Structures are given as structure tokens and as C-alpha cells.
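Coordinate inspection notes
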Amino acid sequence: MTEKAILFDATKCMGCRGCQVACKEWNDLKGVKTANRGTIENPPDLSADTWLKMKFIETGDAQDMRWLFGRRSCMHCTESACVNVCPTKALYHHELGFVAYDQAKCSGCGYCVDACPFDIPRTSGSLVGIKHATKCILCHDRITSGNIPACVKSCPSGALKFGDRSEMLAEGKARINDIQSKYPYATLYGENELGGLHVMYVLQDSPSVYHLPENPKVPVSITVWKDIVHPIGWTLAGLAVLGLGFNYVIARRKIQVKKEGH
Amino acid sequence: MTNHWIDIKNADCMMIIGSNAAENHPISFKWVTKAMQERGAKLIVVDPHQNRTSAKADIYARLRSGTDITFIGGMINYVLEDMRKYPENYNTEYVSQYTNAAYIVKAQVLPGDNNGLFSGWNADTKKYDKTAWDYNGGTAPSAESKLLTTNWGGWFSRASDDPDTAWGELNANCVLRLLHEHYKRYDLVTVSNITGVPQEKLIEVYQEYAKTGAKNKAGTIMYAMGATQHTYGSQNIRGYSILQSLLGNMGIAGGGINALRGTSNVQGSTDMALLSNYIPGYIGVPNDSDTELGTKNSSGVWTRDSGYLKRITPVAIVKPSGIAGSSANWKQHFPKYVVSMLKAWWRDVDPAVSFHYMPKIKASGQNYTHIGLIESIGSGTIKGLMVWGQNPAAGGPTSLGARNALGKLEWMVCADIWKNETAEFWMRPGVTPADINTEVILLPAAASYEKEGSITNSGRMAQWRYAASNPPGEAKPDLEILDEVIKAVKALYQADSSSVFPDPIVNLTWEYSSPVTADEVAQEINGKALAAFSSSGRAYAAGELIDNFTHLQADGKSSCGNWIFSNQYSKASSAELDNFTELLTEVAGVMAINRLRKRGTTDSSAVGLYSNWAWTWPLNRRIIYNRASIDLNGNSWDPNRTILTWDAANKKWLGDVVDGYGSYGPINLETNTTDSTTGATTIKKILPFIMNSDGMSHLWGGSTMNDGPLPEHYEPWETPFSANPIGHGTLNDPTAYRIGGGGFTINDVDQNPKGTVDQYPYVGTTYRCTEHWQTGIMTRNLPWLNELQPNMYVEIGEDLAAEIGIQAGDRVEVSSARGSLHAIAVVTKRFAAMQVNGRTLHHVGVLIHWGYSGLSTGDSGNILTPSVGDANTTIPEFKTFLCNVRKA
């Protein structure tokens, strides 16, 4: 089947965050109790209840400032660290190209959380144990029934589009061509990164300004895990016990590490 | 909006001034973005506050709050000089033939030579004699012929390049010269000094926007409450009108002056006269000087020969020699609309009598707008109040005073979907409920998704909405609540023969089904034939829906709830019979259609008119004043932006619904005719601005405004400056409401004191964010939205924060002379210090969404705002006041 993708055009986004709310509405995610911490960006981080979060970035000085709007959610990589690392195949590549997720298979190990080069998946859980991982599933139910993702549906300005990846790619390239004279560092992000992303960004500046990795990689350790340890591992029952141990350690770590200081 | 939402895509340049469209009208950015991407259109944003709109701008100008007139005055000055030097770059034919540029007015003294005042000032009454601003010759003015030549003769063949000499060639009292005389004071140095916008930025904006003066360019101005909420807010908009008229941007696709209305259906509510100065359809309200309706002639037709109808129905101004068109003076039809409205309200009563059923305001001395009402509640004059989808305890100015005022009421009925600050004012923090004697009744109302009816958007488009679900519990649609209240009141009056003046209520025509449906009200608003009659060849049977307002009668044979909506629900056309079969309803034997239900998605125009989608008042006209889009011969100024084409063979217009008398073609192709027996002239050479009695767009405002024929810079009520920096002795708009203070006293305590710059050194300005709506009643009860914007906050520039030791996230106290509030400080680059008139000035941005009711609570921004109002509308000065900030 033809691969699908979202194209996010940051030059057209005006930060209304309709997408952020639409995501919660469609996916039955609850509103998080937050506090204004001196910024109008909220909630503070992605979480089990927040799969999409818009970023507000003020750059330059006050007399010549630019206010940029970035987007944080699953990038649906082709070379996906999370799929590679997932021991139960709960995370997998859908034939439409995106990284799908079968929650019933998720052991809650949290490896995907540590593996993701974009720091996207989160685990829902408590101190006594992790239940399962969470991330954007590209409105799997919507797009496999002929609809578009909820975030795209809600976008008033046309900053979000959804369609065949080849078309989104062509549109992204054309857009970069149009805006390069206005924004010399304009970048199309996602064409080749990690074998090609299924969420691509038209950025009006370089990726680092949007807090995106310039050259995202699947960590070497994960390649080793998948290609060497993983095939052997499941023949050894003992590893399961070890896995539970990891699980606990990772859960502790996730709770302690304060994410996203910026 | 003179235009409509989709039409924004046709603009070459969009100037958003006094609006945060991206945040408060996000869907508008679909079209703004389209214009930018597909046409390479430029976006200019002018605002004190960098927001999500300015984030998208090509040019952003940081303007001191309350100085729009100066900013725009400077642009008018720039355009006038540029136009004099390069008339070929502008549409001088439009300016000459469609604006009053060439008209001669009475001899004037302008504020620059008169200590800041216009002609006609009466120091005793503190009002203007507005007739001082009329045309010389009254209804038969003359015009400066030099301005009626092609390209103004290359400004008279470059007789002189010295501006003073060149302008001196025009009649001293011609509008264009007065305009220049007035605005030449608004030079770059002066404008920059007052507005705080650097000169280079002014030039950048002026040059870019002035490009839209070319015949093949269109510029639109989008504004909202940032423009209107000043003591001279109406004059801000007048400034935009003058600019747009000079640039030939009115009446064309991609142009216009586009008011982005502040709440959903506020357009519809003003159309239906939820304003104290109008009856439905923008007709002046009766006042206590009106002793009779008018004159009924021998044929039983009401005329404007006397009384109220004479006062509200203007006489046409005869065109001066050299102007090709003539005034259609559409308001001459007001008697038909008034009589038909009286027949809709009291069908079985002679209009001579039912006219006196209408409440009449005092012609002077009493203000009936929001501020005036709250004052009258506070003084004990008003004893009962119905509050419907309103929240004066948080949404009006001076919240603390307003809350005190509510405690003077004997009773109050609130209809809302949630409890709000007004419904709960008696149990607000800091008061003892036992001390408040007001009886408060809360009626649970249905939410918008739970009721059927129409809603009119900013583009004047009325669209039908269907109920998606039933209201919870005992909640009812507003229409049903109103129906029950009226029926109960009627029954009380009918039962009590001793009641005072029961006639207006007892005789009220109120014959809806039970429960009442919005559909039957829509028919009533459209209008019906009450008896058989014939109009322009159309024979009506009694009970038939009126085709449109051109068929309304002044003899009582027709009824119509609101003339501007006439045609929303009437006899289906043959195309509608074919294409909208599911929407047809038989009324009095005729197949009729509720056009608000139409959802046709085809568009045969090149400019996105989408005329089969819902319906737009008047007469489904998508762009008003559209005769200004064509030249005298009927050719579109810009062939790529055609909205009207004259089909000479069939004597009809193609494209949009033309303004005024559709069977009359372009000005040069028609001849006015005079009836040989009656001597009555039929105007066929229609000037585009049909709602003005001269048919012209007004560079010179004449007597339409209370505070002057041209906008002049005045300071806000609370200003950092003790003298007007434009250099005259009139600091404030002298006719603004309560500009001298006072008037809002409860138990001998002034609720609206004025602050001074030594105590309150910063400029406060209130606004909204995209995540919440108005006082938050519809949004602060939704966890998803509270997650995004959880707390009351204020925005402070990094420089001010550093100066007073505030960090992002600190709790701060913001105070004005009216009160103080606590909020979280958002420290941002989006506000910055400005250099204004020798002073470093900081703005403080105050959100208005919070209050003590609901899920997310916080202090109301309007605790700080003053109860002073615009000279023409009394809209409060929410946007500019003095405040102080300290760490709490």
C-alpha cells in the first residue's frame, strides 16, 4: 500500500494548539492538571495523556524577535529505534508506513522510551509498576477507515496536511523552494532522516532552532540488541527475569529524570 | 465585514491592526495563509503586543496602545503626498468619482489651528454643533473641478513641486485639501514620537500598504476590539475608512474594512439591535423628541414628512456638477422598513398607535449602553436585571464597581450554560451573602450545540445550525425560555385590568407554535404579506413570504422583523427548486426556501463568492458597496478580481448581487429619468455607497460622528502624558463618555477613580488568548483547555521584568486606580520598552478570561479597566489604562 505521511508546515502554523486538543479528544486522553510556570506553553511535557505537544520558541532580541511554533510527537520513522527495541512486537511498522502500536502486546518495559532519538514515547505507570507505553499512533483507526488524523482535521491554517508520503514530500520540497528567499535556513526535515520519516516538517530555520536533532540516529546499542541479543534472548527464559529488573530500573529513572528543561 | 472571510484570500496586502486574528479568529488564517502562499501577499501587523498573529507577519510595527489614529493619520499624509506626486500610481478616478474628495464643505477651522478642537465646539454643552461640518450648500454641494480631471491633470501638470503651493491650488474648503491640511501635521517625526514606532518602520509599512492604491492591487484591513475599545475607537475605524477609500480598496475583492467580531453571532445580535441606539436593521431608535411616527398620506402610506420618520430618513444629497453618478440614498426607504417592523410586532394595531408602544430613549442626558446601565444599577434607578449569556461581573469594565452595583438590584435573572461570576456575585470572595438582598434566579440554558437556529458571522453570513443533542436536565434553548417568559408576562397583564399601560404587551403579536421553532421566527423576520398587494409586478397573496425588502410596503400591508434579513426565507428561485429540493417548504401555497440552510459548494466566480452557501445580508450580497469595484463604464478596475459584470443584452448584473437597483447598469450607460407628470426623478446612475445620502465614501465624515469630521489624535483617559504630544491643548477626546470622570458612585464611593502616571507608570492593555473565550465561562470549565492555560496571567517584557525584579512564573500584583489583581507573570520578548515622547514606556498585557466561578479560577482582568467610553458608541476603554506591577 502507499505510504502515508503528515506534513507540518511551521511557516503556516500560528500556534493555536487546536491539534493538541483534537488529539486528546479523539484519543480519549484526559486533561492534565497544570500550572502556569511563566510560559504559556503547557502541559510541561509529553506524557501518557499527551501524545502531541506544540512548542513556543522565542528567538532573537526583543526589538527583532521571532516567535516560532514547533511540534513534538511521534515522527513515525522508517528506521525506528522503538520498533527495533520492542521485545514483544507491540510496536511495529504498519503497511501505510507509520509506527503502529498494539497495546495488548506491550509489556511496559519502556525500552522504546529510552531508545527514541526524538524522546517521544512515554509510559503510563506508577511507582509500583509500568502499565504500557504511549505515543501518537497516527490515529490508526481514522486513517485506516478513510479519514485523516484528528490533529490534521482540526488545523485551521493548513499547517498540517496528510496524504501519500510522496505527495507530502513533493509539497514540502516545493514549499521550501518558495520560502527560501524569505527564510534562508528553511529546512525540510524528514525526507531522509532515519530512512525517511512519516511526519515531515517544513521549518523556517535550522532544525536545532526547533530543538530537533540535526542528524538523528538509532543508537548503536539498539542495533546490537536487535540483531544479536534479541534473537538469542528469547530462547533464554532467564532473560525475562532480567527484563523485569530493567523494567523497574527504567521506571524509577523515568520518574526521577526531569524531562525537557527548556 | 464589508467583505467576507473567504475574500481575504484575494488580498495583496493584509494589515491587521487592533486585532489578534490568529488567536481570536483562527479560521481567518486559513485565508490569510492562502493569500500569502498563493499570491505572495504581505501581512502587516500593528499592535503593542507581539502575538501569534504578529508571529506570521512580514512586517510588524510595535504601536503604543491607543495611537492608531496617529499611525493611520501618518499613512494618510504619506498617501496624499505620494498621490499628488504620482497620481498614476493610484486610482484617482475612484477617489474623484466614488469618494467625497472633491466636495466643498463649509469653511472650517481644524484642530491644528484651534487648540485641538474642530469647528462648532460649544464649551458650555461640551458638544459640537455638527451642522458646522456639512457640505457648503447643504444638500446641493459643489465640487473642486480640478480633482475631476483624469489623473488630476498630473496634479495640474506639475504646476509646482512645493507641497504648500501645490495644495494651495485647490479650493480651501474642498475635502481633499482639508484632509491634507489636517494630516500634514502627522509627519514621520511626530507620528514616531507619539506612537513609538521607529521612523524606518513607519516608512516600511506606509510604502508597502500604499502599493494597494494601484488599480490592480487590493489591500484589506482586519480589525477588532484593539481598534474599537478606546475613547476614540470609532474614529480609529474612520481612519481606516479614509485610508481604504483613498486607496480605492472599498467595494473590491480582497479589500474592505473587515471587523472581526468579538464573539460568535455578535454580528447577528447587533443586526437585531442589541444596541441601545438602533432598532433592528440599523435604524435610529425612537427618542423622547419623537411625538409621532410620521405622516400618513391620502393613500394610507406612511411618509417621512414629519415626526420620527422624518428624523431618521435622510434626504438625498444632489450630486455636484462633474460627478458622473447620482445618489440612490437607500435610506429613503426607511419608512417602509419601520412600518413593516411595527406590523411584525403588533400586527393588528395601527402603526400610529403602535409607534408609541416602542420604548423611547431620552434624546440626551442618559446613556443606555453597558457603562450607563451599570451606573444606573449602582444608583438604584434600575431595580431588576435579566442577564442573558452575559457576565458583567467579569466582562464589563471596572469589575469591582460592577459587582458592587449588582448588589443594589432587587432581583436578577441569569440565563447561562454554567454559573458565572454574575450569577454568583452574591457569594463572591470577600462578601457575606446575608448582606446582599438581591434575589438571584438562574435559568439553565442550552449550549449552542443543543439548539437550532441561525448564527450570523462577521462576514454577514447567516447560517443555520441544527441541534446535535438535547440539552441536559431542565436546560432550554434561549428561544423557548423567552417564549415562556413573554407568555407568562402577557398572561399577568391580561389578568390584571388595573396594570399600567398594558397595551404593548397585551397586543403583542405572539403566535408561535408550542414549543416555538426558530424556523417560524426566521419567516417572521423575513417578512410576510398581511394582505394581497402588488409590488414591481409581483402579486402577493395574503400570508406569502416577501421576496425581499424592495417589496416591503409603508401602508401596513407587509410585516418584516428586520429589513436587512428580508430575502433569507422566501419564494424559491427556479435554480433553488431544482437544486435544493430537500430545503423547500410550502408557505401560503408557494414553495419557499430557508436560504440559511443552503450548503451549495459550487462557485462560478473567480474570487470565491460561494453564493449558494447559506445566505448573506443584504440580499445575499457577499461584498458590499460592490459598484465601487467597477469604473463608470462597468469595467472591473482589475480584470483578475472581477465581481460584477453588466449583461447589457439582458439588463442584469452577473457575479455578486449588485448594490442597489439591480436593473440599473453602470453609471455611464444609464440616464436618470424624470416623470413628465409627477416631476419625480428616477436615479439610475447609481453611486456605489448607497447607504450614504450622497452615495459617496466619506473621506470627510460630515455630521456622522460626535467628535469630529476627521480623526484627530487624543490621548486615552489615563495617559502617561500631561499634555497632548501632538502639540495642542486638548488632551482627551472632549466628547468621550465620562471623560471628565464621575458618574459611577455607589454609597458615595467613586467606583471609577482615575490613576496618575506617578502612581501607575505602565500602560495596561487587556486581551484574550486563543485557548479561552471572553470571561472563560465556556472554556474555563473544560479540562483540556485549562490544561493549556491553567492560570490567570499577565505578560511583561523582559526589560520591565529585569527593572522591577520579576522572574517568569512569579506571582505578581497588578494594580490600577480601580483595584488590584494577582496573576502569574509571563516574562516575554513579545513586549518591549518603547520610546515615546521623551519617555521610556512599558506595556503590561492583562488577560480577561478569569473570575471566581468555574473550574479554573483567578482574578478578572477587568478589575483594572476604567468605565469611560467612546464618544460615539460608549464602548469602554479596555485597551489602554495606567497600571503598576510588583511582585506579590
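Residues numbered from 1 in each chain as written. Chains lettered and ligands numbered in written order. Predicted model: local features only at pLDDT ≥ 70, side-chain atom pairs only at ≥ 80, totals over all residues.

Our focus in this paragraph is the overall build of chain A. Helix and strand counts for chain A come out as eight helices and ten strands. Put simply, chain A has 262 residues, and 43% of those count as buried. Counted over contacts in chain A with a minimum sequence separation of 6, partners at least 24 positions apart contribute 60%. (Helix = DSSP H or I, 4+ residues; strand = E, 2+ residues; numbered from the N terminus. Buried ≥ 20, exposed ≤ 12 C-beta atoms within 10 Å, placed from the backbone. Contact = placed C-beta atoms within 7 Å.)

If you tally the helices and strands in chain B, you get 24 helices and 38 strands. At 27 Å, chain B has a C-alpha radius of gyration in line with the 29 Å of a compact globule built from 888 residues. Once the C-alpha set of chain B is aligned to its principal axes, its extents read approximately 80 × 80 × 55 Å. Out of the 888 residues in chain B, the part that is buried amounts to 55%. Restricting to contacts in chain B with at least 6 residues of sequence separation, those with at least 24 account for 71%. (Rg over C-alpha atoms; globule rule 2.2 N^0.38 Å.)

Moving on: helix α16 (residues 370-378) of chain B. Residue and element names in this part refer to chain B. Judged by how many residues are buried, α16 sits mostly within the fold: seven of nine residues are covered. All of the buried residues in α16 are His 370, Ile 371, Gly 372, Ile 374, Glu 375, Ile 377 and Gly 378. Where the residues of α16 are buried, they touch β12 (384-388), α17 (392-395), α18 (399-406) and β29 (745-746). Where α16 terminates, the next one or two residues include Gly 380, which has phi positive at roughly 85 degrees.

Turning next to unusual backbone geometry. Here the bond from Ser 514 of chain B into Pro 515 of chain B is cis, since omega is 0 degrees, no more than 30 degrees from zero. Residue placement: Pro 515 of chain B occurs in the loop between α20 (503-506) and α21 (518-526). The omega torsion of the bond from Trp 617 of chain B to Pro 618 of chain B falls at -10 degrees, within 30 degrees of zero and hence cis. Structurally, the position occupied by Pro 618 of chain B is in the loop between β24 (615-616) and β25 (644-647). Even without a glycine there, the phi angle at Asp 119 of chain A is positive, about 55 degrees.

Our next topic: the nonpolar core. Counting 214 residues, the largest nonpolar core has Cys 82 and Cys 112 of chain A together with Met 14, Ile 44, Ile 76, Val 79 and Val 175 of chain B as its most contacted members. A domain-level breakdown of this core finds at least three residues from each of domain 1 (292-352 + 517-610) and domain 2 (631-682) of chain B. Excluding its chain neighbours within four sequence positions, the residues that come into contact with Cys 112 of chain A are Cys 82, Val 85, Cys 86, Leu 91, Pro 121 and Ala 133 of chain A. Counting residues in each nonpolar core, the second largest holds 44 residues, with Cys 560, Ile 593, Ala 614 and Trp 617 of chain B among its members. (Core = buried A, V, L, I, M, F, W, Y, C linked by C-beta atoms within 7 Å. Domains from an automatic or database assignment.)

Quick look at the interface of chain A and chain B now. Between chain A and chain B, the residue contacts involve 29 residues of the former and 36 residues of the latter. In terms of residue count, the dominant contributor to the side of chain A that touches chain B is helix α1 (residues 18-27) of chain A (three residues).

Attention shifts here to the sheet that holds strand β9 (residues 187-189) of chain A. All names here are of chain A. Strand order in the open sheet formed by four strands is β8-β1-β10-β9, and the pairing between neighbours is mixed. Whereas interior strands pair on both sides, the edge strands pair on one side only; in this sheet they are β8 (160-164) and β9. On average, each strand axis in the sheet is tilted by 20 degrees relative to the strand beside it, whichever way the strands run. One ladder, built from five bridges, connects strand β1 (residues 4-9) with β8; its direction is antiparallel. (Pairing = 2+ DSSP bridges. Axes fitted to C-alpha atoms, helices over the stretch in contact; angles between N-to-C directions.)

So, on to the packing of helix α3 (residues 68-85) of chain B against helix α11 (residues 233-246) of chain B. Residues and elements named next belong to chain B. With their axes 9 Å apart at the nearest point, α3 and α11 run at an angle of 20 degrees to one another. By the criterion of interaxial angle, the relationship of α3 to α11 is roughly parallel. Classified by chirality, the crossing of α11 by α3 is left-handed. Residues Asp 68, Ile 69, Ile 72, Gly 73, Met 75, Ile 76 and Val 79 of α3 touch α11, and the partners they reach there are Gln 235, Asn 236, Gly 239, Tyr 240, Ile 242, Leu 243 and Leu 246. Among the residues forming the contact of α3 with α11, the class breakdown is nine nonpolar, four polar and one charged. (Parallel < 35°, antiparallel > 145°, perpendicular 65-115°, else oblique. Left-handed = near helix turned anticlockwise from the far one by under 90°. Nonpolar A, V, L, I, M, F, W, Y, C, P; charged D, E, K, R; others polar.)

Here the focus is the packing of α3 of chain B against helix α9 (residues 199-210) of chain B. Residues and elements named next belong to chain B. Viewed as axis vectors pointing N to C, α3 and α9 meet at an angle of 55 degrees, and their least axial separation amounts to 10 Å. Judged on the interaxial angle alone, α9 and α3 are oblique. Crossing of α3 against α9: the hand is right-handed. Contacts from Gly 74, Met 75, Tyr 78, Val 79 and Asp 82 in α3 reach Leu 202, Tyr 206, Tyr 209 and Ala 210 in α9. Here the contact of α3 with α9 is composed, by residue class, of seven nonpolar, one polar and one charged.

Moving on: the domain arrangement of chain B. Each assigned domain of chain B is listed with its residue range as follows: domain 1 (292-352 + 517-610), domain 2 (631-682) and domain 3 (745-887). Centre-to-centre separation of domain 1 of chain B and domain 3 of chain B, based on C-alpha positions: 46 Å.

For the rest of this paragraph, the subject is the pairing of strand β6 (residues 219-223) of chain B. Moving residue by residue along a regular strand, the side chains alternate between the two faces of the sheet. Residue and element names in this part refer to chain B. For β6, a buried count of five out of five residues is recorded, marking the element as mostly surrounded by other parts of the structure. The pairing of β6 with strand β7 (residues 257-259) spans three bridges and is parallel. Across the sheet, Ile 221 pairs through a bridge with Ile 257, a residue of β7.

Of note, Ser 535 of chain B is situated in strand β18 (residues 533-535). Separated by 260 residues in the primary sequence, Ser 535 of chain B and Glu 795 of chain B place their C-alpha atoms 60 Å from one another.

What follows deals with the sheet that holds strand β2 (residues 42-47) of chain B. All names here are of chain B. The five strands lie next to each other as β3-β2-β1-β6-β7, forming an open sheet whose pairing is parallel. In the strand order of this sheet, the two ends are held by β3 (59-62) and β7, each with one partner. Between one strand and the next, the sheet's axes are offset by a mean angle of 15 degrees, whatever the strand orientation. In the sheet, strand β1 (residues 13-17) pairs with β2 via five bridges, with the strands oriented parallel. Residue Met 14 lies in a different strand from β2, and its bridge partner there is Leu 43.

This part takes up the confidence of the model for chain B. Interpretation of the predicted coordinates at a detailed level should be avoided for regions scoring low in pLDDT. With 100% of its residues at a pLDDT of at least 70, chain B reaches an overall mean of 96. Among the prediction metrics, the complex's ipTM stands at 0.93, with pTM recorded as 0.95. (pLDDT = per-residue confidence, 0-100.)

Here we come to the confidence of the model for chain A. Averaged over chain A, the pLDDT score is 87; the fraction of residues at 70 or greater is 83%. Low confidence marks residues 251-262 of chain A, where pLDDT is under 50. Its contacts with residues over four positions away, or in another chain, come to eleven contacts.

So, on to the environment of Trp 426 of chain B. Residues and elements named next belong to chain B. The topology assignment puts Trp 426 in the loop between β13 (411-416) and β14 (439-444). Residue classification places Trp 426 among the buried residues on the basis of 21 C-beta atoms within 10 Å. It is 8.6 Å that separates the C-alpha atoms of Trp 426 and Asn 437, two residues lying eleven residues apart in sequence. If we ignore the near neighbours within four places in the chain, the residues touching Trp 426 are Pro 433, Ile 436, Thr 438 and Val 440.

All right, on to the environment of Ile 176 of chain A then. Residues and elements named next belong to chain A. Relative to the assigned elements, Ile 176 resides in helix α6 (residues 165-179). Put simply, Ile 176 and Asp 9 are 167 residues apart on the chain and 9.7 Å apart in space, counted from C-alpha to C-alpha. Sequence-distant contacts of Ile 176, that is, excluding residues within four places in its chain, are made with Ala 186, Leu 188 and Val 202.

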